[in-house]
Amino acid sequence: MTLSELKKGAIGIVKEFTDLEMSVKLMEMGCLPGEQITVSRIAPLGDPIAVNVSGYQLSLRRFEASTIILQ
Amino acid sequence: MKADIRVALVGNPNTGKSTLFNTLTGLNQKIGNFPGVTVDKKTGYCQLADGRTAQIIDLPGTYSLYPKSQDESIVFSILADKANPLTPDLVVVILDATNLKRNLLLYTQVADLKIPVIIALNMMDLAKKSGINIDVDLFSKKLGVPVVPMSARKTEGIDKLKAAITFANKVALQEESIEVEAIAPQLIDAISGEFNLDNPYYALQLAHQHETIKFISAAESERIEELEKEFSFHSQKAQGAETIARYSFINELLYDTVKTPDTAQDETLSNKIDKILTHKVFGFIIFFCVLLFMFQSIFSWSAYPMELIADLFVWVQSHLHQILPAGPLTGLVVDGVIGGLSGVMVFIPQIAILFAFISILEDTGYMSRVTFMMDKLMRKVGLNGKSVVPLIGGFACAVPSIMSTRTIENWKDRMITIMVTPLVTCSARLPIYTLLIALVVPNRNVWWLFNLQGLALTGMYVFSLVSAIVVAFVFKLILKGRERGYFIMEIPVYRMPRWKNVAY
């Protein structure tokens, strides 16, 4: 299951990434394997989404979220 | 002014870096550009307790030393280039105490460059409020650097920070965070050997960034490239490994020194506000109302000061005409120079009000919500959620708006935004529109309600927006993107605007 399939309010744990370039950026922002992630909000037009990770709110597009595989 | 010590402020975006800079330097500051790039360089001076003067350099906010956008690439260049006149003797790393984990990543990178560091632990008041308990002494001991808890907004801890700067060590004493050599042992050895470097992390950064940094020669850059091939160095994999190693160091550090309560994020005030401001229907209505209010006030509030300025110039001109003898030189000075000046000065109130609005919207964190809401819509025409800010700014003046596009990481999105921003009707075009419309369009009412001239003016604004969208769409098809666009962005917690910053 990937982060983009996670419903609003649901909690997941980051397992791995499918895209190397994206993973470097995501990890710098505190989105690391083993980290708990919650979908807190979805933009009015359905994309991007906002997630809570590492104690703050991060926004990312659905495509970017689909490169994050959850446990 | 001559400075005895140069201090750079480094930190994540939204950590209160600018507030701290303003408090430290007061009105004693200068804004320019970093050499070779149009990135704002803010420097100022601060008097220390022992009579020395410190030059304070405010570096752009960044999450890591690996740059994602133009402004961020400045940070490493300034910190690492020994020949640069701005290279700091001391770095103050500002950490947001409410979000230490992500903030510490940048700290560990800067610390590993072995420049003397002080930590300013900002937003302690907010951290206390949300029940975060930080053992500052242990934290300082574990890192081996002075840590100053403070709250820049309430100007708490500023004196302690000044004292820490005064008594700062000239040599870097911080503890190692990670074993840098383990990431690419042979390559780091080779680069350190050939370039005579004593810092392994500096060597590693050169390996990552040699193509973009300006202070090494093309030949040196090529040599590094050769070495990378020889030891099959993969930049992204190495960066990933480094980040993971750094976070495991940070987690261990925080485990011992920081206690965070487990409160549900959903209960925060920020979240409640967001439920309304990014709502499917209300979100857009509120955004539209904010824009409407903004433009309405730009035109109504600025009318009076604009008249004053115009009258002042007319008064000066008529007086000069009386005093000076008539002739071509007088004509040049009075009607040319002063007349021209008045044509420009009249718009200062409008532009000032617009900038004040934009800075309030940015400061409170509303702009990033707008970016969040608009991204999908903007992407359809080849723009980016982040293009909204320059486009709105374009209604005031295209020049600063184009400068603000450098926060858009993606090259193609940035180029398209730059090309279409001048198409948006800026405030200086307004008098021309009004004049031409008054000449060409008859002043009568249509459909009882609407004034034909007013409709024509609205039409010009709509036309400018439509043309911007069409041109953006065309460029989307023409331009070839070299890099992939992405939208990984922090959404900061809502904060009250800093009225001092708005005034600047």
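What counts as what
Residues numbered from 1 in each chain as written. Chains lettered and ligands numbered in written order. Predicted model: local features only at pLDDT ≥ 70, side-chain atom pairs only at ≥ 80, totals over all residues. Helix = DSSP H or I, 4+ residues; strand = E, 2+ residues; numbered from the N terminus. Buried ≥ 20, exposed ≤ 12 C-beta atoms within 10 Å, placed from the backbone. Contact = placed C-beta atoms within 7 Å. Domains from an automatic or database assignment. Axes fitted to C-alpha atoms, helices over the stretch in contact; angles between N-to-C directions. Left-handed = near helix turned anticlockwise from the far one by under 90°. Pairing = 2+ DSSP bridges. Core = buried A, V, L, I, M, F, W, Y, C linked by C-beta atoms within 7 Å. Nonpolar A, V, L, I, M, F, W, Y, C, P; charged D, E, K, R; others polar. Right-handed = clockwise from strand over helix to strand, strands pointing away.

Tell me about the overall build of chain B, and name the residues and values.
Counting its secondary structure elements, chain B contains 21 helices and 12 strands. Here the C-alpha coordinates of chain B stretch approximately 80 × 60 × 55 Å along the principal axes. By residue count, 37% of the 504 residues in chain B fall in the buried class. In chain B, of all internal contacts separated by at least 6 residues, the share reaching a separation of at least 24 is 70%.

So, the domain arrangement of chain B: which residues are in play, and what are the values?
The domains assigned to chain B are domain 1 (1-263) and domain 2 (265-504). If you average the C-alpha positions of domain 1 of chain B and of domain 2 of chain B, the two centres end up 35 Å apart.

Hey, could you go over the packing of helix α18 (residues 411-420) of chain B against helix α20 (residues 452-478) of chain B for me, with residue numbers and the actual values?
When two helices pack together, their arrangement is given by the angle between the helix axes and by the axis-to-axis distance. Residue and element names in this part refer to chain B. Between α18 and α20, the least distance of the axes is 9 Å, while the angle of their chain directions is 145 degrees. Relative to α20, α18 is oriented so that their crossing is right-handed. Here Ile 416, Met 419 and Val 420 of α18 lie close against α20, whose contacting residues are Ala 468, Val 471, Ala 472, Phe 475 and Lys 476.

Account for the sheet that holds strand β12 (residues 489-491) of chain B, with residues named and values stated.
Spatially, 6 strands are ordered β5(A)-β1(A)-β2(A)-β3(A)-β4(A)-β12(B) in an open sheet, and the strand pairing comes out antiparallel. Two strands lie at the open edges of the sheet, namely β5 (68-70) of chain A together with β12 of chain B, each paired on one side alone. Ignoring strand direction, the axes of neighbouring strands in this sheet form an average angle of 45 degrees. The pairing of strand β1 (residues 11-17) of chain A with strand β2 (residues 36-42) of chain A spans 3 bridges and is classified as antiparallel. Paired with Gly 12 of chain A across the strands is Ile 37 of chain A, a residue of β2 of chain A.

Account for the environment of Leu 32 of chain A, naming residues and giving values.
Counting through the fold element by element, Leu 32 of chain A comes out in the loop between α1 (20-28) and β2. With 21 residues separating them in the primary sequence, Leu 32 of chain A and Val 53 of chain A have C-alpha atoms 9.1 Å apart. In this structure Leu 32 of chain A touches Val 14 and Met 27 of chain A together with Ile 244 and Tyr 247 of chain B, once residues within four positions along its chain are discounted.

Now, about the nonpolar core: what can you tell me, with residues and values included?
Residues and elements named next belong to chain B. With 126 residues, the main nonpolar core has Leu 9, Val 93, Val 110, Ile 119 and Ala 120 as its most contacted residues. A domain-level breakdown of this core finds at least three residues from each of domain 1 (1-263) and domain 2 (265-504). Those residues within four positions of Ile 119 in sequence are excluded, and the remaining contacts are Val 93, Leu 95, Tyr 107, Val 145, Val 147 and Val 148.

A description of the interface of chain A and chain B should follow, citing residues and the corresponding values.
With 32 residues of chain A at the contact, the number on the chain B side is 30 residues. For the side of chain A that touches chain B, the element with the highest residue contribution is α1 of chain A, accounting for 9 residues. In terms of residue class, the side of chain A that touches chain B is made up of 15 nonpolar, 10 polar and 7 charged.

How would you explain the pairing of strand β6 (residues 117-122) of chain B if you had to name every residue and give the values?
All names here are of chain B. When you tally the buried positions in β6, you get 6 out of 6 residues, the bulk of the element. Residues Val 117, Ile 119 and Leu 121 line one face of β6 and the alternating positions Ile 118, Ala 120 and Asn 122 line the opposite face, and both faces are buried. Note that strand β5 (residues 90-96) and β6 share 6 bridges and pair parallel. Its bridge partner lying in β6, Val 91 is registered against Val 117. Of the crossover connections in this fold, the one passing from β5 over helix α3 (residues 100-112) to the parallel β6 is right-handed. Relative to strand β8 (residues 147-149), β6 runs parallel, the two sharing 3 bridges. Across the sheet, residue Ala 120 finds its bridge partner in β8, namely Val 148.

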